[in-house]
Amino acid sequence: MTIILRMWLAMSIACGVLAPGGYAVAADATPLNIVFVSPGKIGEIYWDMVAQTMQAAGRKLNAKVEVLTSERNYRTMQELGLGVVARADKPDFLILSNEESAAVPILEAAEAAGIKTLLLSNSLIGEDAKRLGPPRQILKNWLGDITTDLTTAGARMANALIGAARNEKWQSPDGKIHLLAIGGDEITPASIARNAGLQLAVAAAPDVVLDRMLFANWTQSEAEQAAANYLGWAQRKGIRPAGIWAGNDPMALGALKAVAAAGITPGEQIQVVGLNWSEDALRAIKAGRLLLTDGGHFLLGGWSIVLLRDFADGCDFAANSPHVEVKTSAITRDNLTSVATLIATRAFDRIDFAQFRAKAGRCGQYDFSVEALISSISPPAAPVNDAGR
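Chemist: How would you explain the overall build of the chain if you had to name every residue and give the values?
Modeler: When helices and strands are tallied, the chain shows 13 helices and 12 strands. For a compact globule of 389 residues, the expected C-alpha radius of gyration is about 21 Å, and the chain comes in at 23 Å, within 12% of that figure. Out of the 389 residues belonging to the chain, those deemed buried represent 51%. Pairs at least 24 apart in sequence give 74% of the contacts found in the chain among residues at least 6 apart. When the accessible surface of the chain is split by element, carbon and sulfur atoms take 53% of a total near 17100 Å². Computed over 36 positive and 39 negative side-chain charges, the separation of the two mean positions in the chain equals 3 Å.

Set out below in C-alpha cells:
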C-alpha cells in the first residue's frame, strides 16, 4: 500500500467518508434525532447505563439521543411517550421499553403519527402480541425489537449455583440442594424470561429444591427483607440454604446483606448470583462474596442506535429479522478484569460503536458478543507530554 493510499484511508476514516459497509458513518449521513423513554429512575444503574450507551453510540454515529425518564411510574412513561408523539417537531425514531406492557398505547399512537419505533429489552407479550401481531404488519412503523436471551441467562445463573453447591457438598439433611429465588416481578417480559430459565435449570436437576420464588420489585431493600425471612424460615425447618438466585444485581446485593446479618459467610457457606454487570456487583465478585453477575444487556442501548443508524442509511436490520436477540454473558472472578474498568468509569465513548455496523451485503447480521465488545474498546487516552515538543 502506498503512502498516499494509507493517508487517504486514514483521512477517510477520520472524516467518516466510508460507506456503511466500511463501518464509519458517511460524511453526508443525515443526522438522526432519537428519543428514548426510559422506564427507570434517574440513578437506577441499569437504565442509566442503557441511556449512557445510547448517547455514546449517538456521538459516534451522528445521532442525537434525548432521554426522558419515567421514574418507575408507568403513567408517567405513557404521558412522556404520548407527549413526544404529539410534538410538532417529531423525532426520527422513538425507542420504548414495554415494561409491565405499558408501552402499547405509545406504540399505537406513534403508528398513527407516522413515527418509527423500536422496542428495547421488553417486547409485546400475551394479548397485545396476538392483537398487534409481529412488527411491520398491523403497526407498519413498529420496526422491531432488540432484546436479550434472558432465559439462557437465568438458567446459566441457576446452574452456576447448583454446580458450586454440588462441588462443596452443601446438601441439606434431606440430601437435596436448597435454593431461594428472588425475582423482579411477575409481569415484565424480561423478568418472565429470567424466571423461566431458572425454572428450567431446577427442573433438570433432581437433587435441587427451589424452596421459594419471591418477588422484590427489583429493589435491594425488598430483596434483603425477603432473603432474611427465608433464611429465618430455613433455620427453623433445619434446611441448609445453598444458594440465592437474584434477578438483578441490586436484589443480589440485598440478599448478601441478609446473608451477612444471619451470620453466614457468602462465597464460603452460600453462593449468590445476580444480573446486570453493575459496578457494585463487580466489587462483590472481586471480594469473593458474589459468585457471578450475568448481563451486558445495558449495551442494548448502544446496539439500538447501531440498528437505527443502519436502517436510516438503507441497511435494514429486518433483512435478517425484525427481532434482534443479543446473548448475555457471565462475569466471574476469571474474566472480571476484561470489562471492569469500562463499567466502573462508564467510559462508553471508548467503545467503537461504528465497528458493530452491518457489513455491506450482510444487513441484519451483527456480532454483539462480549468478545467483540472487548476488542472494540480503545485504551484510555494517554496524557499529553509537552516536554518533548
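Chemist: Before we move on, can you summarise helix 9 (residues 249-261) with the specific residues and values?
Modeler: Here helix 9 contains 13 residues, and its C-alpha end-to-end distance of 18 Å stays within 8% of the 18 Å for a straight helix at 1.5 Å per residue. Downstream of helix 9 by a residue or two, Gly263 has a phi angle that is positive, lying close to 80 degrees.

Chemist: I'd like a rundown of the packing of helix 3 (residues 74-85) against helix 4 (residues 104-113), residues and numbers included.
Modeler: Look at helix 3 against helix 4: their axes get within 9 Å of each other, and the N-to-C directions meet at 5 degrees. It follows from the interaxial angle that helix 3 and helix 4 lie roughly parallel. Contacts from Met77, Gln78, Gly81, Leu82 and Val85 in helix 3 reach Pro105, Ile106, Ala109, Ala110 and Ala113 in helix 4. Here the residues of the contact of helix 3 with helix 4 are counted per class, giving eight nonpolar, two polar and no charged.

Chemist: Explain the sheet that holds strand 11 (residues 323-326) to me, and be specific about the residues and the numbers.
Modeler: Strand order in the open sheet formed by six strands is 2-1-3-4-5-11, and the pairing between neighbours is parallel. Every other strand in the sheet has two partners, leaving strand 2 (63-69) and strand 11 as the edge strands with one partner each. Between one strand axis and the next, the sheet turns by 20 degrees as a mean value, whatever way the strands run. Where strand 5 (residues 142-148) meets strand 11, four bridges bridge the pair, whose relative direction is parallel. In the sheet register, Thr148 faces strand 11, and the bridge partner there is Val326. Contacts between helix 4 and the sheet are confined to strand 3 (93-96), strand 4 (116-120) and strand 5, with strand 3 contributing the most and set at about 170 degrees to the helix.

Chemist: Account for the pattern of salt bridges, naming residues and giving values.
Modeler: With the rule as written, the count across this model stands at 17 salt bridges. In this structure, Arg283 and Asp280 form a salt bridge, with 2.2 Å as the shortest nitrogen-oxygen distance. With a gap of three residues between them, Arg283 and Asp280 both fall in helix 10 (residues 279-286), about one helical turn apart. A residue is classified by how much of its surface remains accessible, and Asp280, at 32% relative accessible area, is partly exposed. Here the salt bridges do not stand alone but share partners, grouping Arg309, Asp310, Asp313 and Arg357 into one network.

Chemist: With reference to specific residues and values, describe the packing of helix 8 (residues 220-237) against helix 9.
Modeler: Axis separation between helix 8 and helix 9 bottoms out at 7 Å; the angle between their running directions is 40 degrees. Considering their axes alone, helix 8 and helix 9 lie oblique with respect to each other. At the point where helix 8 passes helix 9, the crossing takes the right-handed sense. Residue-level contacts link Gln220, Ala223, Glu224, Ala227, Ala228 and Leu231 of helix 8 to Pro250, Met251, Leu253, Gly254, Ala255, Lys257, Ala258 and Val259 of helix 9.

Chemist: Describe in detail the packing of aromatic side chains, supporting the description with residues and values.
Modeler: Within the structure shown, the criterion is met by 11 aromatic pairs. An aromatic cluster is built from Trp303, Phe353, Phe356, Tyr366 and Phe368, whose rings are joined through pairwise contacts. The ring of Phe317 has Arg136 lying over it, and the distance from NZ or CZ to the ring centre is 5.4 Å. Arg212 extends its terminal NZ or CZ atom over the ring of Trp233, reaching a point 4.1 Å from the ring centre.

Chemist: Outline the environment of Trp170, supporting the account with residue identities and numerical values.
Modeler: Note that Trp170 resides in the loop between helix 6 (150-168) and strand 6 (177-183). Its relative accessible area of 6% is what places Trp170 among the buried residues. For the pair Trp170 and Arg240, spaced 70 residues apart in sequence, the C-alpha to C-alpha distance is 7.3 Å. Leaving out residues up to four positions away in the same chain, Trp170 has contacts with Ala165, Arg240, Ala242, Glu268, Gln269, Ile270 and Gln271.

Chemist: With reference to specific residues and values, describe the side chain of Asp249.
Modeler: Following the sequence through the fold, Asp249 ends up in helix 9. Here Asp249 is buried and forms no salt bridge, its nearest opposite-charge partner Arg194 lying at an N-O distance of 8.2 Å. From its side chain, Asp249 meets the backbone nitrogen of Trp277 in a polar contact 3.2 Å long.

Chemist: Go over the environment of Asn248 with me, naming the residues and quoting the values.
Modeler: Structurally, Asn248 can be placed in the loop between strand 8 (241-246) and helix 9. Along the primary structure Asn248 and Glu224 are separated by 24 residues, whereas in three dimensions their C-alpha atoms are 13 Å apart. Apart from the residues within four sequence positions on either side, Asn248 is in contact with Arg194, Trp218, Gly274, Leu275 and Asn276. One polar contact links the side chain of Asn248 to the main-chain carbonyl oxygen of Trp218, over a distance of 3.3 Å.

Chemist: Give me the side chain of Arg357: which residues, what numbers.
Modeler: Topologically, Arg357 is positioned in the loop between helix 12 (340-345) and helix 13 (370-376). At 2.6 Å, the side chain of Arg357 forms a polar contact with the side chain of Asp310.

Chemist: Go over unusual backbone geometry with me, naming the residues and quoting the values.
Modeler: You will see that Glu100, though not glycine, has its phi angle at about 55 degrees, which is positive. The residue Glu100 is located in the loop between strand 3 and helix 4 in this model. Here the phi dihedral of Arg346 falls at roughly 50 degrees; this positive angle occurs in a residue that is not glycine. Of note, Arg346 is situated in the loop between helix 12 and helix 13.

Calculation criteria
- Residues numbered from 1 in each chain as written.
- Predicted model: local features only at pLDDT ≥ 70, side-chain atom pairs only at ≥ 80, totals over all residues.
- Heavy atoms only, no water.
- Helix = DSSP H or I, 4+ residues; strand = E, 2+ residues; numbered from the N terminus.
- Rg over C-alpha atoms; globule rule 2.2 N^0.38 Å.
- Buried < 20%, exposed > 50% of the residue type's maximum accessible area, 1.4 Å probe, protein only.
- Contact = heavy atoms within 4.5 Å.
- Areas by Shrake-Rupley, 256 points an atom, 1.4 Å probe, with all protein chains shown as cover.
- Lys, Arg positive; Asp, Glu negative; His and termini not counted.
- Charge placed at Lys NZ, Arg CZ, Asp CG, Glu CD.
- Expected span 1.5 Å × (residues − 1).
- Axes fitted to C-alpha atoms, helices over the stretch in contact; angles between N-to-C directions.
- Parallel < 35°, antiparallel > 145°, perpendicular 65-115°, else oblique.
- Nonpolar A, V, L, I, M, F, W, Y, C, P; charged D, E, K, R; others polar.
- Pairing = 2+ DSSP bridges.
- Salt bridge = Lys/Arg side-chain N within 4 Å of Asp/Glu carboxyl O.
- Left-handed = near helix turned anticlockwise from the far one by under 90°.
- Phe/Tyr/Trp six-rings, centres within 6.5 Å; stacked < 30°, edge-to-face > 60°.
- Lys NZ or Arg CZ within 6 Å of the ring centre and 35° of its normal.
- Polar contact = N/O pair within 3.5 Å; in protein donor to acceptor, adjacent residues only side chain to side chain.

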